[in-house]
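Results of the structural survey
As a plain string of letters, each chain reads:
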Amino acid sequence: MYQLDSDYEIEEKKELYDYQQGDIDAIFERIDNAPHNHHLLYQLPTGGGKTVIFSEIVRRYIEKHDKKVVVLTHRIELCKQTSKMLKTFGVKNKIVNSKIKELPDQHEYSCFVAMVETLKNRLNDEKLLIDNVGLVIIDEAHYNSFRKLLSLFENSFILGVTATPLSSNIGLPMYENYNELIVGDTIQSLIDQGFLAKATTYSYDVGLTTLKVGINGDYTVKSSDELYTNMIMQEKLLHSYTEKSLGKKTLIFNNGINTSLYVYETFKEAGYPIKHLDNTHNSEERKEILHWFKKTPDAILTSVGILTTGFDEPTVETIILNRATKSLTLYFQMIGRGSRKLPNKDSFTVIDLGNNAARFGLWNEPVNWQHIFKSPEFYLENLRDDSEIELHFKYVMPNELRLKFSKSENIIFDVELEHKIVISKNLRSKVVLENSIEQHAAMCVDNTNTLQEAKSLAKELLPDIECRVKRFSYCLSQCSKNYREWLVEDYKLKLVLLIGKKYREKIMSED
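Below is a summary of the structure that appears in this document. Only a predicted model underlies this, so the values are computations on that prediction, with no experimental measurement involved.

Attention now goes to the sheet that holds strand β3 (residues 93-96). Read across the open sheet, the seven strands follow the order β3-β4-β2-β5-β6-β1-β7; overall the sheet is parallel. The strands lining the two open edges of the sheet, one partner per strand, are β3 and β7 (180-183). The average angle at which neighbouring strand axes cross in this sheet is 20 degrees, direction not considered. As defined by bridge partners, strand β1 (residues 39-43) adjoins β7 across four bridges and the pair is classed as parallel. Each residue of the ladder has a partner; that of Gln43, found in β7, is Val183.

So, in structure tokens, the structure goes:
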């Protein structure tokens, strides 16, 4: 467990690393040589120090040019963090928030930090005008709210910074607003250099066929709540925590408030220290909960969306993705919350309960950001869909259940291989299921002493049965969901009948 001393405060370092200095030089080469209204996008992974980098860019730009700088963010927390970081670089700046209606003192500042919506409203009121702006920096540039202000800075150099140069709206690709992309160091490179913690990912197969995709291109909250609040998923979540993260400071991401509240009740009932946080909490409640999370070594915090950006807690040891997402940006943001290093922390755990690693690849795998920037539609269209991912699911019997079949040497049944053998012999496809039922029945009879015990043990094979039937259905050219469900029920009935037959044979043999 990793806990900060009570008097230890996290401070952003002013020191620039070699990779940061190199990126700053590359950006200034464009600022100095590209047209004055050039639009440049810069990518760097979460934890790589984007705020440090653009703070140094602001300092150097003001020093070299007799023009002002505007830094745009999309959340008030980021405004405050950015303003504080700029001050550590010696940049005197002013936050333009909802309380500021005019700027009579604007000539006292060379840098202004503002939320996109706030600045748009003030400029539309025509009561606030920031003149002589030479550089505009857009933090979290993959969001689309900044587009509303581009026309107001037609003569300024635009620098967008993001960890994921993929627009949050597929209908508004980033290449329409930026002329080029500069890509920084990779996640793996930053891990190798000791700047980011290494992630170990554990994926638990989850059937997502019931999820629906909304107009924003991601899974809907309603369908996610229906899946992730059911008893099976709650048990899977609790099992994954106790198996891979017991006693570690854990951050759980959910897609809906209902799911997060269910998670809270499940862990609370199990006796684990947990709190729930969502955007309905006021600032004082949020502050109190985050303080508790920071100071409690084995704390569990279940949340909805609110902690994906603008939240930095280096002592997090485990990230649980208790949701599925089709957003590459969100995937990186969630895992990035655990990637900060500490003197006694160089690794963290990721528990994936949404097939996200299968969809996007592991967090530290290389990504062709130039390709994604130039052809986002092609990238998104070629993401693995849920049916393809689930095709490769392999059922693994839990250890406690495997012990109940200790007398059975082999419990594995390769459906695809069996199907090939059956077809090669010109037999009916359903012979595959008949052979599978034969194996399951033998397992139940061999490891029990009574017929009732065998039937009871057969019920615990349901996850294995469902997996075998699903894989069998993939072997068929066409198979509807209703037919697959019928196959499962038929399998269970035939299994019970065969167990009865084998027990009668067993008793007769003994007599």
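This part takes up the side chain of Glu418. On the secondary structure map, Glu418 appears in helix α16 (residues 415-424). It is Lys425 that comes nearest to the buried, bridge-free Glu418 among opposite-charge side chains, at 7.1 Å. Polar side-chain contacts of Glu418 include one of 2.8 Å to the side chain of Asn435.

Our focus in this paragraph is the packing of helix α1 (residues 18-33) against helix α2 (residues 50-64). It is the contact of α1 with α2, at a shortest axis distance of 10 Å, that shows an interaxial angle of 45 degrees. Taken together, α1 and α2 sit at an angle that is classed as oblique. Where α1 crosses over α2, the two elements pack in a sense that is right-handed. Contacts from Gln20, Gln21, Ile24, Asp25, Ile27, Phe28, Ile31 and Asp32 of α1 reach α2 at Val52, Ile53, Glu56, Ile57, Arg60, Tyr61 and Lys64. In terms of residue class, the contact of α1 with α2 is built from eight nonpolar, two polar and five charged.

In the contact formed by helix α7 (residues 231-244) and helix α8 (residues 257-269), the axes pass within 10 Å of each other and the chain directions differ by 55 degrees. Viewed along their axes, α7 and α8 adopt a mutual orientation that is oblique. In this structure, α7 meets α8 at a crossing whose hand is right-handed. Side by side, α7 and α8 meet where Gln234, Leu237, Leu238 and Tyr241 of the first sit next to Thr259, Tyr262, Val263, Thr266 and Phe267 of the second. Here the contact of α7 with α8 is composed, by residue class, of six nonpolar, three polar and no charged.

Thresholds, definitions, all that
Residues numbered from 1 in each chain as written. Predicted model: local features only at pLDDT ≥ 70, side-chain atom pairs only at ≥ 80, totals over all residues. Heavy atoms only, no water. Pairing = 2+ DSSP bridges. Helix = DSSP H or I, 4+ residues; strand = E, 2+ residues; numbered from the N terminus. Axes fitted to C-alpha atoms, helices over the stretch in contact; angles between N-to-C directions. Buried < 20%, exposed > 50% of the residue type's maximum accessible area, 1.4 Å probe, protein only. Lys, Arg positive; Asp, Glu negative; His and termini not counted. Salt bridge = Lys/Arg side-chain N within 4 Å of Asp/Glu carboxyl O. Polar contact = N/O pair within 3.5 Å; in protein donor to acceptor, adjacent residues only side chain to side chain. Parallel < 35°, antiparallel > 145°, perpendicular 65-115°, else oblique. Left-handed = near helix turned anticlockwise from the far one by under 90°. Contact = heavy atoms within 4.5 Å. Nonpolar A, V, L, I, M, F, W, Y, C, P; charged D, E, K, R; others polar.

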